Amino acid sequence: MIQVADLHKAFGAVEVLKGIDLTVERGQILAIIGPSGSGKSTLLRTINHLESVDRGEIWFDGMLVNQPLRGRRFERHVNRIRQHIGMVFQHFNLFPHMTALENITMAPMLLKKTPRREARELAESLLRKVGLLDRIDYYPAQLSGGQKQRVAIARALAMEPKVMLFDEVTSSLDPELVGEVNKVMKQLAQEHMTMLIVTHELRFAADVADHVLFMADGVVVEEGPPAQLFRAPAQERTKTFLQEVFK
Amino acid sequence: MQGFDFWAVTEYSDVLLAGMAWTALLTVASSGLSLVGGAVFALLGLSRSRVVRMPTAFFVWLFLGTPLLLQLYLIYFGLVQIGIDLTAFAAGVIALSLHFAVYNADVIRAGIVAIDRGQHEASRSLGLGLGQTMRKVILPQALRNVTPALGNNMIALLKESSLVSIIGVMELTLSAQRAISETFRPFEFYIAAGALYYVLNAVLELVLRRVERGTAMTR
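In what follows, the accompanying structure is described. (Residues numbered from 1 in each chain as written. Chains lettered and ligands numbered in written order. Predicted model: local features only at pLDDT ≥ 70, side-chain atom pairs only at ≥ 80, totals over all residues. Heavy atoms only, no water.)

### Describing the overall build of chain A
Right, so step 1: Helix and strand counts for chain A come out as 9 helices and 10 strands.
Right, so step 2: At 18 Å, chain A has a C-alpha radius of gyration in line with the 18 Å of a compact globule built from 247 residues.
Right, so step 3: In terms of overall dimensions, chain A has a C-alpha envelope of 55 × 45 × 30 Å along the principal axes.
Right, so step 4: Burial statistics for chain A: of 247 residues in total, 55% are counted as buried. (Helix = DSSP H or I, 4+ residues; strand = E, 2+ residues; numbered from the N terminus. Rg over C-alpha atoms; globule rule 2.2 N^0.38 Å. Buried < 20%, exposed > 50% of the residue type's maximum accessible area, 1.4 Å probe, protein only.)

This is the structure in structure tokens:
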């Protein structure tokens, strides 16, 4: 489903991705962990081209994401691909001038020409799924952090994406609100949604992912099934990181 | 010394009210156009292309740096020379719109720049293009945030619209002058016109406050 090969990316003189390779199969759940500044968020953001790359290839569903097109043609290409890749952000980024309903229905109505009624039904079913049907007409400012993030997940799902990208989606939540968001993600996992999850929450990663990738300083240090990576890490760098976190 | 006679004003109330209506019309038309124009200039000014940005900056600089009165003369009297013969009302609306579009553009540009990057990214991640993102996500928020500043510009526009009297639009100020030329009572009629401007402004402020309150929840 997703294949990344020899990915390089620098911000000015700072190289943040130094040759990343990764593969995600359909239905797979990949957790990307690592210390701050390891490049894991940047990596995630290159997949739907919120970050451009300097070198390497990103393949999504048989299409090269970073095609050497220019201007409008590249715009069109990237917009088409993004419609199939849902993304959820650390800071929710809900549209504050729209209700939960409007946040969810905007993209399908605009991009897929979904009729209003159908879009509303879709939003209702998605909000039911994330447990917020009773908040359908609320504005983001009227919702708690956990509720905002669940609406944001519903918004991304409304485009019926083939892959979901989660970028530290519980990092800015109060601890007591983390569970409700994790629950929704777990539910998605059970429905075999293909997911890439950048997270600081190792317990959650161990719980939900079937493959874990440990990144540090712009490279993949180690990867494997969670049981192996968390219980018996092979690399010294991984061990130190895990010790730090679980101290 | 001659005493004041405000009864004279009532005899000319139809003239003054007609003038007030024209002032209101001028204000509404020019405000609307100056908002649209302001948004357009703001977007052009933020363009990534220099070819778009530079002429916009020049145009903005030109209209910011010259008096409205001069712009009015140029549009009404000057354009005739190149075959563009506008009615006084049209010339007035165009001059007021352009003049205030430039002020609005500055305000709107600041509003756009202040919107969090995450809004842009969320919209783009859903597959919306740059234009769609601007139209659906960024501009509506930017405009809401700068409503008070745009409102101030509208109030200024309402007052500045009196300048249009000098090219012969029978708006409130010129109506008062017409009445004065027949009654020789400048004090009474200027006071009356001032009161009517005040009424118009009060209405405008009421509308603006409504708009602001209506969008409070959505910020």
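From this point on, the discussion continues.
### Things to note about the environment of Val4(A)
Residues and elements named next belong to chain A.
Right, so step 1: When you line up the elements, Val4 lands in strand β1 (residues 2–11).
Right, so step 2: Each C-alpha atom of the pair Val4 and Lys247 lies 33 Å from the other, and the pair is 243 residues apart in sequence.
Right, so step 3: Not counting residues up to four positions away in its chain, the partners in contact with Val4 are Ile20, Asp21, Leu22, Glu57 and Ile58. (Contact = heavy atoms within 4.5 Å.)

### A closer look at the packing of helix α2 (residues 13–45) of chain B against helix α10 (residues 186–214) of chain B
All names here are of chain B.
Right, so step 1: Two elements in contact, α2 and α10, have axes separated by 11 Å at closest approach and are oriented at 40°. One way to sum up the angle between α2 and α10 is to call them oblique. Where α2 crosses over α10, the handedness of that crossing is right-handed. When α2 is examined against α10, the residues Leu16, Met20, Thr23 and Ala24 are found in contact with a partner set consisting of Phe189, Ala192, Leu196, Tyr197, Val199 and Leu200. (Axes fitted to C-alpha atoms, helices over the stretch in contact; angles between N-to-C directions. Parallel < 35°, antiparallel > 145°, perpendicular 65-115°, else oblique. Left-handed = near helix turned anticlockwise from the far one by under 90°.)

### What about a positive patch on the surface?
Right, so step 1: Positive charge collects at one region of the surface, where Arg72(A), Arg73(A), Arg76(A) and Arg80(A) lie side by side.
Right, so step 2: Examined against the element boundaries, Arg72(A) turns out to sit in helix α2 (residues 71–82). (Patch = residues over 30% accessible without salt bridge, like charges linked within 9 Å, V, L, I, M, F, W, Y side chains within 5 Å. Areas by Shrake-Rupley, 256 points an atom, 1.4 Å probe, with all protein chains shown as cover. Salt bridge = Lys/Arg side-chain N within 4 Å of Asp/Glu carboxyl O. Lys, Arg positive; Asp, Glu negative; His and termini not counted. Charge placed at Lys NZ, Arg CZ, Asp CG, Glu CD.)

### Quick word on the pattern of salt bridges
Residues and elements named next belong to chain A.
Right, so step 1: Within this structure, the stated rule accounts for 17 salt bridges over all chains.
Right, so step 2: Residues Glu168 and Lys40 are paired through a salt bridge, measuring 3.9 Å at the closest nitrogen-oxygen approach. Here Lys40 lies in helix α1 (residues 40–47) and Glu168 lies in the loop between β7 (163–167) and α6 (175–190), a separation of 128 residues in the sequence.
Right, so step 3: For Glu168, a relative accessible area of 11% corresponds to the buried category.
Right, so step 4: Put simply, Arg45 and Glu51 hold a salt bridge, and the shortest N to O gap is 3.1 Å. Neither residue differs from the other here; Arg45 and Glu51 are each classed as buried.

### Description of the nonpolar core
All names here are of chain A.
Right, so step 1: Ile2, Leu22 and Leu196 are the most contacted members of the largest nonpolar core, which has 51 residues in total.
Right, so step 2: Per-element accounting of this core gives the leading share, 5 residues, to strand β2 (residues 14–24).
Right, so step 3: Core analysis: the next-biggest nonpolar cluster, separate from the first, contains 49 residues, Ile33, Ile136, Leu173 and Phe241 among them. (Core = buried A, V, L, I, M, F, W, Y, C linked by side-chain atoms within 4.5 Å.)

### Considering a nonpolar patch on the surface
All names here are of chain B.
Right, so step 1: Together, Phe4, Phe6, Phe187 and Ile191 make up an exposed nonpolar region whose accessible area comes to about 410 Å².
Right, so step 2: Among the secondary structure elements, Phe187 is positioned in helix α10.
Right, so step 3: With a relative accessible area of 42%, Phe187 lands in the partly exposed category.

### Thoughts on α2(A)
Right, so step 1: Helix length check: α2(A) (12 residues) gives 17 Å between terminal C-alpha atoms against 16 Å at 1.5 Å per residue, within 8%.
Right, so step 2: For α2(A), the set of buried residues is Phe74(A), His77(A), Val78(A), Asn79(A), Ile81(A) and Arg82(A). (Expected span 1.5 Å × (residues − 1).)

### Side note on the pairing of strand β9 (residues 211–216) of chain A
Residue and element names in this part refer to chain A.
Right, so step 1: Taking burial as the measure, the 6 residues of β9 include 6 buried ones, the bulk of the element.
Right, so step 2: Burial along β9 is two-sided: the face carrying His211, Leu213 and Met215 and the face carrying Val212, Phe214 and Ala216 are both buried.
Right, so step 3: Both strand β3 (residues 29–33) and β9 contribute to a ladder of 4 bridges, which runs parallel. Across the sheet, the residue bridging to Ala31 is Val212, located in β9.
Right, so step 4: With 5 bridges connecting them, β9 and strand β10 (residues 219–224) associate as antiparallel partners. Paired with Val212 across the strands is Gly224, a residue of β10.
Right, so step 5: Hairpin geometry of β9 and β10 is characterised by an intervening segment of 2 residues between the two adjacent antiparallel strands and by a positive phi of about 50° at Asp217. (Pairing = 2+ DSSP bridges.)

### Here we look at the interface of chain A and chain B
Right, so step 1: Contact residues are listed per partner, giving 26 residues for chain A and 22 residues for chain B.
Right, so step 2: Taken together, both faces of the contact between chain A and chain B bury some 2100 Å²; the carbon and sulfur share is 61%.
Right, so step 3: There are 2 salt bridges connecting chain A and chain B.
Right, so step 4: Ionic pairing is found between Glu121(B) and Arg45(A), a salt bridge with its closest N-O pair at 2.7 Å.
Right, so step 5: Summed over the shared surface of chain A and chain B, the result is 6 residue pairs in polar contact (both at pLDDT 80 or more).
Right, so step 6: Counting only elements with at least two residues in the side of chain A that touches chain B, the list comes to α2, β6 (85–88), α3 (100–111) and α5 (145–157) of chain A.
Right, so step 7: With 4 residues, the single largest contributor to the side of chain A that touches chain B is α3(A).
Right, so step 8: Class assignment for the residues of the side of chain A that touches chain B results in 16 nonpolar, 6 polar and 4 charged. (Buried area = accessible area lost by both parts, 1.4 Å probe. Polar contact = N/O pair within 3.5 Å; in protein donor to acceptor, adjacent residues only side chain to side chain. Nonpolar A, V, L, I, M, F, W, Y, C, P; charged D, E, K, R; others polar.)

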